[in-house]
Amino acid sequence: MRLVLIGPQGSGKGTQAKIISKKLKIPHISTGDLLRNLRGELKQKVDRYVNRGELIPDELMIEILKDRISKPDCKKGFLLDGFPRNLRQAKELNKLVEIDKVFEISIPDEEAIRRISGRRNCENCGEIYNINTSPKPKQDGICDKCGGRLYQREDDNEKAVKKRLEIYHKETEPVLKYYNTIKINGKQDIEKVTDDILKELDV
Ligand code: AMP
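Residue numbering note: each chain is counted from 1, following its sequence as written. Owing to the predicted nature of the model, reporting of local features is limited to residues with pLDDT of at least 70; listing and counting of side-chain atom pairs is limited to 80 or more, with chain, interface and lining totals taken over all residues. As a convention, hydrogens and water are excluded, and side-chain values are obtained from all of the structure's heavy atoms.

Engineer: For this particular structure, what's the right way to read helix H4 (residues 58-69)?
Structural biologist: Every α-helix carries 3.6 residues per turn, so stepping three or four residues along brings you back to the same face. A rise of 1.5 Å per residue sets the reference length of H4, with its twelve residues, at 16 Å; its end C-alpha atoms lie 16 Å apart and thus fit the reference within 8%. Here H4 has its buried residues at Asp 58, Leu 60, Met 61, Ile 62, Ile 64, Leu 65, Arg 68 and Ile 69. Whether two residues are in contact is decided by their heavy atoms, any of which lying within 4.5 Å being enough. In DSSP terms, a helix is any run of H or I states spanning at least four residues, a strand is any run of E spanning at least two, and both are numbered starting from the N terminus. Close packing links the buried residues of H4 with strand S2 (28-30), helix H2 (31-36), helix H3 (40-50), strand S3 (78-81) and helix H5 (87-96). Helix span, expected: 1.5 Å multiplied by one less than the number of residues in the helix. Exposure classes here rest on a 1.4 Å probe applied to the protein chains alone. A residue is buried below 20% of its type maximum, exposed above 50%, and partly exposed in between.

Engineer: Just checking my understanding: could you explain the site of the ligand for this structure?
Structural biologist: Around the ligand sit 16 residues, and of these Thr 31, Glu 54, Gly 82, Arg 85 and Gln 89 come closest. A distance of 3.1 Å separates a nitrogen atom of the ligand from a polar backbone atom of Ile 56. For the ligand, a nitrogen atom lies 2.9 Å from a polar atom in the side chain of Gln 89. In short, Shrake-Rupley with a 1.4 Å probe defines the accessible areas, and a residue's cover is counted only from the protein chains shown. Protein coverage of the free-state accessible area of the ligand, which is 480 Å², stands at 96%. Ranked by the residues each element gives to the shell around the ligand, the list is headed by H2, at four residues. Here the term charged refers only to Asp, Glu, Lys and Arg, the term nonpolar to Ala, Val, Leu, Ile, Met, Phe, Trp, Tyr, Cys and Pro, and the term polar to all other amino acids, Gly among them. Grouping the constituent residues of the shell around the ligand by class yields six nonpolar, four polar and six charged. When at least one non-hydrogen atom of a residue lies within 4 Å of a molecule or strand, that residue is treated as near it. Residues adjacent in sequence count toward polar contacts only when both atoms are side-chain atoms; beyond that, a polar contact is any pair of N or O atoms within 3.5 Å, and within protein one must be able to donate a hydrogen and the other to accept it.

Engineer: So what exactly am I meant to see when it comes to unusual backbone geometry here?
Structural biologist: Note: most peptide bonds trans; most residues except glycine with negative phi. Residue Pro 84 follows Phe 83 across a cis peptide bond; omega there is 0°. Tracing the chain through its elements places Pro 84 in the loop between S3 and H5. Here the amide bond leading from Ser 134 into Pro 135 is cis, since omega sits at -5°, within 30 degrees of zero. Along the polypeptide, Pro 135 turns up in the loop between strand S6 (128-130) and strand S7 (150-151). Positive phi, close to 55°, is recorded for Lys 25, a residue that is not glycine. The exposure class of Lys 25 is exposed, given its relative accessible area of 62%.

Engineer: How should I be thinking about the side chain of Asp 58 in this particular structure?
Structural biologist: Checked against the element boundaries, Asp 58 lands in helix H4. By relative accessible area, which is 14% here, Asp 58 ends up buried. Non-local contacts of Asp 58, meaning those with residues more than four positions away in its chain, are made with Asn 86, Arg 88 and Gln 89.

Engineer: Which parts of the structure should I look at to understand the side chain of Arg 119?
Structural biologist: Inspection of the secondary structure assignment puts Arg 119 in strand S5 (residues 119-122). The exposure class assigned to Arg 119 is buried, which follows from its relative accessible area of 17%. Within the structure, the side chain of Arg 119 is placed 3.0 Å from the side chain of Asp 156, a separation counted as a polar contact. Setting aside residues up to four positions removed in sequence, Arg 119 forms contacts with Ile 128, Tyr 129, Asn 130, Tyr 151, Gln 152, Arg 153, Asp 156 and Arg 164.

Rendered as structure tokens:
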């Protein structure tokens, strides 16, 4: 099963990707995470774009993605979160593998900004909280799970979020027309969104 989740920042696509991939026992490939986990010179190059909320160059992104999906754990399928983000990436992906289903999770821009500007990540275990929505941490700035410090991603500030949404509308929305997407309403409870996706997968 090869799946793609597309949605603006804050649509809950990363949260759903985690739940669905676990359920289907396929790897969750978040290109944002792949880039954040880079090290050294490449990391420095990539960070210049990521921190400003801009897309990194296609050639580089496609190479990183190709490398990841050629790993043995992807043989029985995978779930892509954050790729493809423009038509060129979609066409390149099409040359590499056949995608079974593409989900489009939608939410209005105001809601996306509210959710993203409240997002806080644990610097230790990676757990994600939201001080504007949920789950809120029990103690301000501290991870419930491991006691680690919570921080705000550099590209989650309002200016970068607006830029990322602008790019989404301009570059990623044409990808939705390229695929025959399954539309999911992202402005519902997490559990309801998961149910709506699973219904389409017959699991
Ligand atoms: P995300 O965690 O999916 O919001 O991605 C964070 C950042 O990583 C984006 O704002 C881009 O700078 C970069 N990025 C992630 N996926 C891609 C992609 N498919 N193409 C280009 N840049 C990407």
